[in-house]
There are 2 protein chains.
Amino acid sequence: MGVGATLRADTVQADEPVDALAGLATLLRQDMTACNQAIVDRMDSPVELIPQLGAHIVAAGGKRLRPLLTLATARMCGYPAAPAALRHVNLAACVEFIHTATLLHDDVVDDSMLRRGLASANAVFGNKASVLVGDFLFARAFQLMVADGSLPVLAILSRAAATIAEGEVLQLATQNDLTTSEAQYLDVVMGKTAALFAAACQVGAVVADRPEAEEKALAEYGMKLGIAFQLVDDALDYAADQATLGKTVGDDFREGKLTLPVLVAYAAADDVERAFWHRTIADGSQTDADLDRAMAIMERRGAITATFERARGYAREAREALDVFPASEIRTLLQDVTEYTISRAY
Amino acid sequence: MGVGATLRADTVQADEPVDALAGLATLLRQDMTACNQAIVDRMDSPVELIPQLGAHIVAAGGKRLRPLLTLATARMCGYPAAPAALRHVNLAACVEFIHTATLLHDDVVDDSMLRRGLASANAVFGNKASVLVGDFLFARAFQLMVADGSLPVLAILSRAAATIAEGEVLQLATQNDLTTSEAQYLDVVMGKTAALFAAACQVGAVVADRPEAEEKALAEYGMKLGIAFQLVDDALDYAADQATLGKTVGDDFREGKLTLPVLVAYAAADDVERAFWHRTIADGSQTDADLDRAMAIMERRGAITATFERARGYAREAREALDVFPASEIRTLLQDVTEYTISRAY
C-alpha cells in the first residue's frame, strides 16, 4: 500500500475530488514544509517592515496552490532523483513570491480590504508598504532563481511575470467597458492568473530535465487549470457567501470589472437590464441594492451556470493534457485537482 | 585628434565639469541611440496602455544617466571588441527599465505630481496604471537580462533590485521619525539610489569580461557617485528653485522624509527649532509658511552647505575609485561626471 492509499484512508474521501488538493499536500508534506521554510527564510531582511508584512501574508495562509503545482509536477516528472535535491522547493518558493507580490499590488490597485478572510496587507500596513514590499518579493524571487542557475527557468518565470502585468493592465484598461469581448476577457484571465499556473507547472518538467513535449503538456495543464480557476473565482464574486469566500463578495461588480458572468448577462440582456448594466458597470453609478439585483439578473440569465460550465470545459482540457504522462498516484491527484478548482468554496 | 577632442570643440567647454555628462553622451551617441531604440522597442506590448504610459515617461526624457554609465564603463573596459556587439546596449536598457519601474512606483508612493518638469505618470494615468506598468517594466528588464544570458549580470541586477526595494521600505519606515540616524539615512540612500548606480557600472566590467578587481572598482565608483547624487538631490529639495528642479520643491519636507539636511539642522537645533521640527516632521503638521521657515533654519545651521560638502567627499571617492583603470578619454569623462552630480541644477 503506497503513501497515497494511506493518506486517502486518513484524510481524504476518494469520492470527493475537492480533496485532491489535500491529497497532494499530504503526499508532498515534506516538500511543502521545506518550501514554507524557504519562503519564511528568504522573505527576511534587515528592514523589519519587510518580514513583518511578509509574516502577515504568510499567516493569512492561502492554499499554496501554485508552489504545490511546481512540487507535484517536478515529482511526477521524476525529480528529485537525489534525496537532498531541493531545486523544486526553491523554485516553488519563487513562484509563491511572484504570486504574493502580485497579490500585494492587486490589493492596492483594487483597494481591497480583505484577503483570505483577513485584513489585506494594504489595509494593515498601507498602500505604500504593500507596493514596495511587493517589489522586494518580486526582486527576491529573481535572486532565488539566479541562485538556482537555470536560464530556461528564468526565461519561463520572467516571461510569466511580464504576462501577469500585461493581463493586469489589460484588466484595468477594460474596466467599465461593456464593449469588452470574451477574447479580451480571456486574455486578462490568461495573463493575470493562468500564466503563473502554467509557468509553475512547466518549471516542474524543466528541473526534472524532461523533454520539451512534457514541458509543453505541463504548461498546457497549468494554463487550462488557471483559466478554470479564475472563471470560478469570477463566478464566486457574484455567487459565494462572504464567509466562505474569504474576501468581499461583489468586489468585481463595484469595480466595474468585465468578467464572464457580466459578459454573459449583458449579451442576453433585455432593454431594462441593458440600462442597468450601463449605469452600474459602464457609468459606475451604484446603490446598495444593485449587487443583489445584479445577482438576480445573472440567475435569470444563467450567467453563473454558464461560467461554471465554461470552467468545467477548461478543467477537462487540463485533465487531458496530463494524458501524455504515465499513470501514477500523483498524476491522478493532479488530474483531480482540476475538479477542486470547480467545486471549491461553493 | 580623437572623438573626444572633437566633441569638446563642438559642444563642451572643457573647464565646465558639468558638461562631462554631455561629453559622455556625445562620445557614446551611437550607443545611446541604440539604447533609446531598445527602450522603445522593448517597452512595446499588445496592451496599448503599456507603450502609452511608457511613451509618456520616455518623452519626459531624463538624462539617461544610469544607462549611460553602463555604456561608458563597458567601453572603458574595452567592450565591444566586435563592432556589432550590443550586450552593453541591451543591459543599459535593462538598467533604465529597472530605474523607470522604481520611478513609477516612487511617484505613487510619494503622491508626486511632477516628474522631470512634466506631470508624473500617476498624475496622468492614475496610480493603478503606474503600479502595474512598473511591474511590467521590471519583469521586462529581467526578460532582457535572460535573453542576454549572463547569470553574473542577472545576479548583480536582481540583487540591486532587491536592495532598491529595501531602501525604499526603510525610507518609508523612517518617515516622520526624528530619531533616524545618519547611518540609517545612508542605508536608505545606498538602497534607493546608489545600489542601481553601482550595479549599472559593475555590469560594464562584466560584459567586457574584466577581472573582479575592476568589477569591484566600478561598483565602488557607482556606489559613491550614487550617494553623492542623492545627497545633492536631498539638498536641492530645500534649495533649488522649482523651474530648475523639474519637480516640486519641498516634497521631502511635506512627506516628512528624514534627509541629511533635516538631520544636520535637527542636530544643531535650539529649543525653538527643535519644536519646529517636531511639529512639521514628526507630527506632520505644516502650514504654508513652514517650508520657507525650514529653509531659513537650514541656511542658519549650514545644513545645505554641510550636505553639499558631504556629497563632494563621496564624489571625490568615486573619482578615486577609477584610478585603477588606465588613463583614457572616457575615464576622464567618467571622473568628471562626479562633478556633474554636485553642480547640476543649482
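This write-up is about the structure you can find in this document. (Residues numbered from 1 in each chain as written. Chains lettered and ligands numbered in written order. Predicted model: local features only at pLDDT ≥ 70, side-chain atom pairs only at ≥ 80, totals over all residues. Heavy atoms only, no water.)

In this section: the interface of chain A and chain B. Interfaces are often described in size by the accessible area the parts lose on coming together. Tallying the contact residues gives 35 residues for chain A and 34 residues for chain B. Considering only the surface of chain A that becomes buried against chain B, Lys128, Leu132 and Val169 of chain A emerge as the three largest contributors, covering 18% of it. Our enumeration of links across chain A and chain B arrives at zero salt bridges. Linking chain A with chain B are six residue pairs in polar contact (both at pLDDT 80 or more), by the criterion used here. Taken together, the elements giving at least two residues each to the side of chain A that touches chain B come down to α4 (49–60), α6 (87–109), α8 (127–148) and α9 (151–174) of chain A. Here the side of chain A that touches chain B is composed, by residue class, of 23 nonpolar, five polar and seven charged. (Contact = heavy atoms within 4.5 Å. Buried area = accessible area lost by both parts, 1.4 Å probe. Salt bridge = Lys/Arg side-chain N within 4 Å of Asp/Glu carboxyl O. Polar contact = N/O pair within 3.5 Å; in protein donor to acceptor, adjacent residues only side chain to side chain. Helix = DSSP H or I, 4+ residues; strand = E, 2+ residues; numbered from the N terminus. Nonpolar A, V, L, I, M, F, W, Y, C, P; charged D, E, K, R; others polar.)

Once that is clear, we can look at the environment of Gln175 of chain B. Looking at the element boundaries, Gln175 of chain B is found in the loop between α9 (151–174) and α10 (182–207). Measuring from C-alpha to C-alpha, the distance between Gln175 of chain B and Glu309 of chain B comes to 24 Å, with 134 residues separating the pair along the chain.

Formed by 176 residues in total, the largest nonpolar core has its most connected members in Tyr221 of chain A together with Tyr221 of chain B. Sequence-distant contacts of Tyr221 of chain B, that is, excluding residues within four places in its chain, are made with Leu69, Cys201, Ala318, Ala321, Leu322, Leu334, Val337 and Thr338 of chain B. (Core = buried A, V, L, I, M, F, W, Y, C linked by side-chain atoms within 4.5 Å. Buried < 20%, exposed > 50% of the residue type's maximum accessible area, 1.4 Å probe, protein only.)

With that settled, the discussion passes to the relation of the copies chain A and chain B. Rotating chain A by 180 degrees and translating it 0.0 Å along the rotation axis places it on chain B, where the RMSD comes to 0.0 Å. Taken together, these values place the two copies in the relation of a two-fold axis. Same-surface contact between copies: 97% of interface residues of chain A are shared with the interface of chain B. (Least-squares fit on C-alpha atoms with pLDDT ≥ 70 in both.)

We now examine the pattern of salt bridges. Residues and elements named next belong to chain A. Inspection of the entire model under this criterion finds 32 salt bridges over all chains. Notably, a salt bridge pairs Glu273 with Arg300, separated by 2.9 Å at the nearest N-O pair. Taken as a pair, Glu273 in helix α15 (residues 271–282) and Arg300 in helix α16 (residues 290–301) lie far apart in primary sequence, 27 residues in all. The class for Arg300 is exposed, based on a relative accessible area of 57%. Here Arg301 and Glu273 are joined by a salt bridge, their closest N and O atoms 2.8 Å apart. Pair noted here: Arg301 is in helix α16 and Glu273 is in helix α15, with a separation of 28 residues, a long-range link.

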